[in-house]
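Listed here are the chains, written in short residue letters.
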Amino acid sequence: MRILTASQIRKVENLCFERYSTEAELMLKAGTACAENMFSRYGEEMKKESVSVLCGAGKNAGDGFVIARLLYAWGVDVKIVLCKGEPTIAEPKMYFEQAKRSGVPVEDFCADSLNCGFVVDCMFGIGFHGEAREPFDKIFEAVNNSGTTVISVDTPSGTDSESGAACKNCIKADYTIAISTLKFAHVLPPANAFCGEVETVNIGIPEDCYEDEYITTITPEYVSSIFAKRDKNSNKGTFGHQLNICGSYSMFGAAVISAESAIRSGVGLLKLVIPESAYPLAASHLTQPIFKPVAQTLDGTFSADITYSLKSEFDWTSAILFGCGVGDNDDTRIICDYVLKNAKCPVVLDADGINCLSRCINIIKDIKAPTVLTPHPGEMARLVSKTVAEIQKDRINIAKNFAKENKVVLVLKGANTVVTDGEKVFVNITGNPGMAMGGTGDMLSGMIASFIAQGASPLDAAAAGVYLHGLCGDEAAKCVSQRGMTVSDMTELLGVLMSNFE
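All of the points below concern the structure found in this document.

Reading the values: rules and limits
- Residues numbered from 1 in each chain as written.
- Predicted model: local features only at pLDDT ≥ 70, side-chain atom pairs only at ≥ 80, totals over all residues.
- Heavy atoms only, no water.
- Helix = DSSP H or I, 4+ residues; strand = E, 2+ residues; numbered from the N terminus.
- Buried < 20%, exposed > 50% of the residue type's maximum accessible area, 1.4 Å probe, protein only.
- Axes fitted to C-alpha atoms, helices over the stretch in contact; angles between N-to-C directions.
- Parallel < 35°, antiparallel > 145°, perpendicular 65-115°, else oblique.
- Left-handed = near helix turned anticlockwise from the far one by under 90°.
- Contact = heavy atoms within 4.5 Å.
- Nonpolar A, V, L, I, M, F, W, Y, C, P; charged D, E, K, R; others polar.
- Pairing = 2+ DSSP bridges.
- Phe/Tyr/Trp six-rings, centres within 6.5 Å; stacked < 30°, edge-to-face > 60°.
- Lys NZ or Arg CZ within 6 Å of the ring centre and 35° of its normal.
- Right-handed = clockwise from strand over helix to strand, strands pointing away.
- Core = buried A, V, L, I, M, F, W, Y, C linked by side-chain atoms within 4.5 Å.

### A look at unusual backbone geometry
- Residue E134 is joined to P135 through a cis peptide bond whose omega torsion reads 0°.
- In this structure, P135 sits in the loop between β5 (118-122) and α5 (136-145).
- In this structure, the amide linkage connecting P189 to the following residue, P190, adopts the cis form with an omega of 0°.
- Here P190 is to be found in the loop between α6 (184-187) and β9 (197-201).
- Backbone geometry places S385, a non-glycine residue, at a positive phi of 55°.
- Tracing the chain through its elements places S385 in the loop between α13 (377-384) and α14 (388-393).
- Overall, S385 belongs to the exposed group, its relative accessible area being 69%.

See the structure below:
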């Protein structure tokens, strides 16, 4: 599914006006599709409650007038609430007059306008930027304090579809109906937190109006295309060898989680290189990997001396995962340097591996093997010497530019994780806040390395891993709860969920 900025969707719509329809015709289609969508979801409740359709002075109001007229015709107690007077633009004005002639009540906004069961937010849509001015600043605040169910049309008023910004008192929707495509406001923070559940409606814009390359979501169809059907005569070598250099005495769990998720993702053989003091701890939780306990420092992290024993492992493996729970010190930085400069197969660098790299970022110029980095915003901030706030404000551009400049695949984690190789950009829409806990990143990196070992390209493996990882989180939340779910709950579901993509 495409994700467009406000300027991109305007270009698409203008091409549609030039080639296929008038602006009034497209506005009618948009309003009708939104009305049908919300009525199919909330219709029975709407017939028992009242509905206020809040309309501004722009074109988004035209959708609102169409919605109000249709809801009225379907037996809903609905009224149009004008937030800044009657419309003056031709197309919205036409549909406003139609709604009035149909009998839809009209009033100017007042405190009583929000004594209703549902508010339909048609104040701004994709046209908003900056901060709300009078009277909308107070209207936004009143809506958010009303306790009523809020349905936003296209985007919640107060969100910026060009950047993903959100103003003070931005409308907090329970449900958002995106018109034609997702917009940046639906997937980028902080605006994505105001959208509630998002559903997209098709209003019939022909495909040839979408002329540019766009950011897209990761779809189940794309994920399915990555995995070939398993041959009847396969053996364990068919599905790759994975080398995990992970863990330490105090963080052996990271090694366990990344190994378990890799195995459940289908890798043929997995070898876990782990500090000797952490070996018995990890082995008590894992039975399937090959273990290689190695020399360690006094604090139970890897000793730099292990580099001498890694060369033969590099000849054996199809993919390497380095970093989960290894710690960030002089020894692990030496190991990180060695892995990145000498690996003969793709490398996935996670957690402390990324922290090691950020302290000597010039290493990245000497990397010969394809590399996937999986930073969370804090790790990304260290990689590019920015603040977390700066990262979150421009996630897509920062991720894309870093990947392109350094010729890596970057997985910038967080709500709506970004995956990019510097050319293609994917945004993930699976997952939920219950996944915000220690260990989920280790699970993801194990999955990505496993898919690479099985033959997927680094970009495909990263995208598939991110999508399936979020899907595991969504299923775990259904089975347990967002608050109570654990990484183990997610990992246990992984094998079953893989059956949907074979």
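### Some words on the packing of helix α3 (residues 60-73) against helix α4 (residues 90-101)
- It is the contact of α3 with α4, at a shortest axis distance of 8 Å, that shows an interaxial angle of 20°. Comparing the axis directions of α3 and α4 gives the class roughly parallel. Relative to α4, the crossing made by α3 is left-handed. Seen from α3, the contacting residues are G62, F65, V66 and R69; seen from α4, they are P92, Y95, F96, Q98 and A99.
- Among the residues forming the contact of α3 with α4, the class breakdown is six nonpolar, two polar and one charged.

### Description of the sheet that holds strand β2 (residues 50-55)
- Judged by pairing direction, the sheet is parallel, and its seven strands sit side by side in the order β4-β3-β2-β5-β6-β7-β9 without closing on themselves. In the strand order of this sheet, the two ends are held by β4 (106-108) and β9, each with one partner. Neighbour to neighbour, the strand axes of the sheet diverge by 25° on average, direction disregarded.
- Of the strand pairs in this sheet, β2 and strand β3 (residues 77-82) are connected by six bridges, and their pairing is parallel. Looking across to β3, one finds that C55 is bridged to L82.

### What about the packing of aromatic side chains?
- Per the counting criterion, the structure on display carries 15 aromatic pairs.
- Relative to Y214, the ring of Y210 has its centre 6.3 Å away and its plane inclined at 85°; by these criteria the two rings are edge-to-face.
- A ring pair is formed by Y467 and F501, whose centres lie 6.2 Å apart and whose planes are at 80°; its orientation type is edge-to-face. With Y467 in helix α17 (residues 458-479) and F501 in the segment after α18 (487-498), this pair connects stretches of sequence that are 34 residues apart. This pair shows no difference in class: Y467 is buried, exactly as F501 is.
- One aromatic cluster is present, built from ring pairs that chain together F124, F128, F136 and F140.
- Just above the ring of Y210 sits the side chain of R2; from NZ or CZ to the centre is 4.1 Å.

### Focus: the sheet that holds strand β1 (residues 2-4)
- Reading across from one edge, β8-β1-β10-β19-β18-β17-β16-β15-β14-β11-β12-β13 is the order of the 12 strands in this open sheet, with mixed pairing throughout. The strands lining the two open edges of the sheet, one partner per strand, are β8 (182-183) and β13 (290-294).
- In the sheet, β1 pairs with β8 via two bridges, with the strands oriented parallel. Residue pairing for β8: L4 is matched across the bridge by K183.

### Re the pairing of strand β12 (residues 269-275)
- Across the seven residues that make up β12, a large majority, six, are buried.
- Pairing geometry for strand β11 (residues 241-245) and β12, over five bridges, is parallel. Bridge pairing in β12 links H241 to L269.
- One crossover worth recording links β11 to the parallel β12 by way of helix α8 (residues 252-264), and it is right-handed.
- Sheet topology places β12 next to β13; five bridges connect them, and they run parallel. Note on β13: the bridge partner recorded for I274 is P293.

### With respect to the nonpolar core
- Of all hydrophobic cores here, the largest spans 57 residues; its most connected members are I218, F227, V419, I448, F451 and L468.
- Those elements giving two or more residues to this core turn out to be α7 (220-226), α8, β12, β14 (319-322), β17 (409-412), α16 (440-453), α17 and α18.
- When residues in this core are grouped by element, the largest group, 12 residues, is from α17.
- If we skip the residues at most four places from it in the chain, F451 touches F227, S265, A456, A461, A464, G465, L468 and M498.

### Concerning the environment of L82
- When you line up the elements, L82 lands in strand β3.
- When neighbours within four sequence positions are excluded, L82 is seen to be in contact with C55, F65, F96, V106, E107, D108 and F109.

### Focus on the side chain of T155
- Its location among the elements puts T155 in the loop between β6 (149-153) and β7 (175-179).
- Owing to a relative accessible area of 0%, T155 belongs among the buried residues under this scheme.
- With sequence-adjacent residues up to four places away left out, T155 is seen in contact with D121, G125, I126, S161, T176, K183, A185 and H186.

### Section: the packing of α17 against α18
- One can describe the packing of α17 onto α18 by two numbers: an axis separation of 9 Å at closest approach and a directional angle of 115°. By the angle class used here, α17 and α18 are roughly perpendicular. For α17 against α18, the interelement crossing comes out right-handed. From α17, L468, H469, L471, C472, G473, E475 and A476 reach across to α18, where they touch D489, M490, L493, L494, L497 and M498.
- Taken together, the residues of the contact of α17 with α18 break down into nine nonpolar, two polar and two charged.

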